[in-house]
Amino acid sequence: MADPPGCCSTCATCLLCPYSCQWITAKKEKRKGLRTTKCDCSWFLFLFCVFLFTLVWLYFAIIILNDFHNFNEFIFRQRKLWLDWSLVLLIATAVLISYSSVLLVLALCLQLCGQPLKLHWVHKILLILAALVVAAAFTGLGIKWAEEWKSARISLQATGPFLHIGTVGGMTLLAWPLASFIYRTRSTGLRVFLLLVYCAAMIALYLAPLGITSPCIMEENQLPPKPALVGHRGAPMLAPENTLMSLHKAVECDVQVFETDVMVSADGVPFLMHDEELTRTTNVQAVFPGRAAQSTAFNWTDLQQLDAGSWFLERRPFPTVQSLPPGDHEEATKQRIPSLGQALEAAKQSNISIMFDLRPENHSDYQNFVNVTLGVILQSGIPLQQVLWLPDGFREDVKQQAPGVQQVYGRKRLKNEKEPVLHVNLPYQDMSSEEIRQYRQDNISVNLYVVNQPWLFSVLWCSGVSSVTTNACQVLKEMQHPLWLLPSSTYLMIWIVVDCVSFLIIIWAFVLLKKCSHRRRPAESETDVLLTKINSLMQE
């Protein structure tokens, strides 16, 4: 294993103390004859794997932030507890990645200084726990939120080129401690093995761009128009969702469509509400204590008594709430549940379209819900082309009674469609860039939901999507260009330059450390001879 040459006492103590939890100076440690054993090397490899594991989880954590509001709503429906769990996720992830990063840096510095990698048993236990926690997180993600694996695949289209550059840089820096270890170790087999593994990894990284694809690798003149914005329940980061205030805020964000959800009261009045229970977005428990909170069980008079805005200020579903001006706070407290008729009138005055689902789909009186809703639409006087109809139930009846309403399908087109599909509304995970381009060529409008992060919006923009449903209309409104756009020739040049610079640095690291090891050997040999003579004299 690696021989530990002399090292500055202060440096050795500063490095060994946090890593090995021992105040050992270089001289004392050398007298003890401690060396890095095979077991120590195994724990270093485990540390490196845990670091990579937590790094991958950090990447996933950042990616799933786009959809984390859905997770918050899911927890509330299950536990009636509202909390921004994204903060918990990010804090826990930051602790794990920081801990493993510090240990890894200490280990690499110890190796460069020629000190033994004696990882303390406390760190060993904590690393095992960290690996188990991250493994449990990945397992839970796969079981309860499997669509996020598709989100990760899409994210690689936005981050792939930069991940490649970063990974090449990290592996290039790793050449220094690796070369130091190779020149110090006595095991020829271990040297060959490490060199083969490292070379194979670098060759794979150098050729990785052959498998990297992104719709944003294109010429500037090939960029499609910016996707239109659809306000998801209005502008829920700026106002209570599914309220008239939210609709007006969405209009200020230049959205072209107000997306909402419609239910029908017990006395036949369609109103805006997403959840089947009123608990999350109203004060129903305070106004009607002990009464079941089913949305469709209340008549319109009772629904009008409910406060549909104060919860927004109390629970702060998005971080943007705390930065809203006082006037918006006051307006939010005055919000009531709007009827569909009120929403249609506001949409007509603002000249925006309205798209909605009719819930709950499994209700026994759903056909009556459809008829009542259609009646309100026809009586409102809104141009029917401004109404986008999402519900699949009794769609043929809707086409007959209101042929001007635009039919939006929540599925991909079929091979043998009886009627042409002109509008589709799908989760962003369900359509590839190739499918989006094909639909665009066939003049089919594609709306994807829910898109909140600029990186995701950029990928879909480059792919040519027609519109996106978003909670963050105020953010996407300001984007005048995708986050990045690279011509293929420019990306090829970056790829070649990065690989060449990396290769030269690696060669330089191995050559330089080889010269240093040759200079150190004569001094070490003289010291060994002197120590042998002193030992012989003492024995005599």
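Owing to the predicted nature of the structure, the values given are computational and were not obtained by experimental measurement.

Enquirer: Would you mind showing me how to read the side chain of Asn72 here?
Expert: Along the chain, Asn72 falls in helix H4 (residues 68-79). A polar contact is formed between the side chain of Asn72 and the backbone nitrogen of Trp85, at a distance of 3.1 Å. Ignoring any residue separated from it by four or fewer positions in sequence, one finds Asn72 in contact with Trp82, Leu83, Asp84, Trp85 and Ser86.

Enquirer: Help me out: how do you make sense of a nonpolar patch on the surface in this one?
Expert: Together, Trp121, Val122, Ile125, Leu126, Ile128, Leu129 and Leu132 line one region of the surface with nonpolar side chains, adding up to about 640 Å² of accessible area. Looking at where Ile125 falls in the secondary structure, it is placed in helix H6 (residues 121-144).

Enquirer: Got a minute to help me understand the packing of helix H7 (residues 147-173) against helix H8 (residues 175-184) in this structure?
Expert: Helix-helix packing is described using two parameters, namely the angle between the two axes and the distance between the axes. The geometry of H7 relative to H8 is characterised by a closest axis approach of 4 Å and an angle of 30 degrees between their N-to-C directions. The angle between H7 and H8 falls in the class roughly parallel. Touching Met171, Thr172 and Leu173 of H7 are Ala175, Trp176 and Pro177, all from H8. Looking at side-chain class alone, the contact of H7 with H8 contains 5 nonpolar, 1 polar and no charged residues.

Enquirer: Just to check I follow, could you spell out empty space enclosed by the protein for this structure?
Expert: Empty space left among the atoms is revealed by rolling a probe the size of a water molecule over them. This model, assessed by the stated rule, comprises 3 cavities of 30 Å³ or more. Volume-wise, the largest cavity comes out at about 70 Å³.

Enquirer: Got a minute to help me understand the state of the cysteines in this structure?
Expert: What is meant by a disulfide is a covalent connection between two cysteines, made through their sulfur atoms. A full pass over the atoms with the stated rule returns 1 disulfide. The partner cysteine of Cys216 in its disulfide is Cys462, sulfur to sulfur 2.3 Å. The disulfide joining Cys216 to Cys462 has a torsion of about 95 degrees about its S-S bond and is therefore right-handed. Placement of Cys216 in the loop between helix H9 (188-207) and strand S1 (228-232) and of Cys462 in helix H19 (residues 454-463) is noted, with a sequence separation of 246 residues between them. As far as the burial class goes, Cys216 and Cys462 line up, both buried. Free of any disulfide, Cys500 has its nearest neighbouring cysteine sulfur in Cys199, separated by 16 Å.

Enquirer: Explain the pattern of salt bridges here, please?
Expert: When the charged atoms of two side chains with opposite charge come close together, those side chains can pair. Under the criterion given, the structure shown has 22 salt bridges. Taking the shortest distance from any N to any O, the salt bridge between Glu419 and Lys399 comes out at 3.1 Å. Placement of the pair is Glu419 in the loop between strand S6 (406-407) and strand S7 (423-427) and Lys399 in helix H17 (residues 395-401), with a sequence separation of 20 residues. What makes Glu419 partly exposed here is its relative accessible area of 41%.

Enquirer: What am I meant to see in the layout of surface pockets here?
Expert: A volume near 1600 Å³ is recorded for the largest pocket. Forming the walls of the largest pocket are 45 residues, and the residues nearest its centre are Phe48, Phe51, Leu52, Met171 and Leu174. Listed by contribution, the elements that provide at least two residues to the lining of the largest pocket are helix H3 (38-64), helix H5 (85-112), H7, H8 and H9. Element by element, the count of residues in the lining of the largest pocket is highest for H3, at 14 residues. Looking at the lining of the largest pocket residue by residue, the classes come out as 35 nonpolar, 9 polar and 1 charged. The residues that make up the lining of the largest pocket include at least three from each of domain 1 (11-23 + 36-145) and domain 2 (151-214 + 486-519). Reported here for the second largest pocket is a volume of approximately 1300 Å³. Surrounding the second largest pocket, 48 residues form its lining, Asp67, Asn70, Phe71, Trp145 and Glu147 being those nearest its centre. Elements with a contribution of two residues or more to the lining of the second largest pocket: H3, H4, H5, H6, H7, strand S2 (257-264), strand S4 (353-358) and S7. When residues of the lining of the second largest pocket are assigned to their parent elements, the largest contribution, 7 residues, is made by H4. The residue makeup of the lining of the second largest pocket, split by class, is 25 nonpolar, 10 polar and 13 charged.

Enquirer: Would you explain the domain arrangement of the chain in this entry?
Expert: The figure often quoted for interface size is the accessible area lost as the parts come together. One can read the domain layout of the chain as domain 1 (11-23 + 36-145), domain 2 (151-214 + 486-519) and domain 3 (231-478). The centre of domain 1, based on its C-alpha atoms, is set 40 Å off from the matching centre of domain 3. Every contact between the two is made by 11 residues of domain 1 and, on the other side, 20 residues of domain 3. Regarding the contact of domain 1 and domain 3, the summed buried area is about 1200 Å², with carbon and sulfur atoms giving 52% of it. Counting the contacts that link domain 1 with domain 3 gives 3 salt bridges. Residues Arg233 and Glu73 are paired through a salt bridge, measuring 2.9 Å at the closest nitrogen-oxygen approach. At the junction of domain 1 with domain 3, the criterion picks out 7 residue pairs in polar contact (both at pLDDT 80 or more).

Enquirer: Mind showing me how you'd approach the environment of Thr282 here?
Expert: By secondary structure assignment, the location of Thr282 is in the loop between strand S3 (270-272) and helix H11 (284-287). Thr282 has contacts with Met273, Leu306, Asp307, Trp311 and Ile337, leaving out every residue within four places of it along the chain. Here the side chain of Thr282 touches Leu278 through a polar contact of 2.6 Å, landing on its backbone oxygen. Here Val284 takes part through its backbone nitrogen, which lies 3.3 Å from a polar atom of the side chain of Thr282.

Enquirer: I would appreciate a short explanation of the UniProt feature "transmembrane region" (unreviewed entry) in the chain in the present structure.
Expert: According to UniProt, the "transmembrane region" (unreviewed entry) feature falls on residues 41-65, 85-113, 125-143, 163-183, 190-212 and 492-513. As annotated, residues 85-113 has a helix share of 97% and a strand share of 0%, and its two end C-alpha atoms lie 42 Å apart. Across residues 125-143 one finds 100% helix and 0% strand; the C-alpha atoms that close the span lie 27 Å apart.

What counts and what doesn't
Residues numbered from 1 in each chain as written. Predicted model: local features only at pLDDT ≥ 70, side-chain atom pairs only at ≥ 80, totals over all residues. Heavy atoms only, no water. Helix = DSSP H or I, 4+ residues; strand = E, 2+ residues; numbered from the N terminus. Polar contact = N/O pair within 3.5 Å; in protein donor to acceptor, adjacent residues only side chain to side chain. Contact = heavy atoms within 4.5 Å. Patch = residues over 30% accessible without salt bridge, like charges linked within 9 Å, V, L, I, M, F, W, Y side chains within 5 Å. Areas by Shrake-Rupley, 256 points an atom, 1.4 Å probe, with all protein chains shown as cover. Salt bridge = Lys/Arg side-chain N within 4 Å of Asp/Glu carboxyl O. Axes fitted to C-alpha atoms, helices over the stretch in contact; angles between N-to-C directions. Parallel < 35°, antiparallel > 145°, perpendicular 65-115°, else oblique. Nonpolar A, V, L, I, M, F, W, Y, C, P; charged D, E, K, R; others polar. 1 Å grid on protein atoms, 1.4 Å probe; cavity = no way out; pocket = protein on both sides within 12 Å on 5 of 7 lines; lining within 4 Å. Points joined across faces, edges and corners; volume = space filled by probe spheres on them. Disulfide = S-S within 2.5 Å. Buried < 20%, exposed > 50% of the residue type's maximum accessible area, 1.4 Å probe, protein only. Domains from an automatic or database assignment. Buried area = accessible area lost by both parts, 1.4 Å probe. UniProt positions renumbered as here; feature names shortened; annotations may be inferred.

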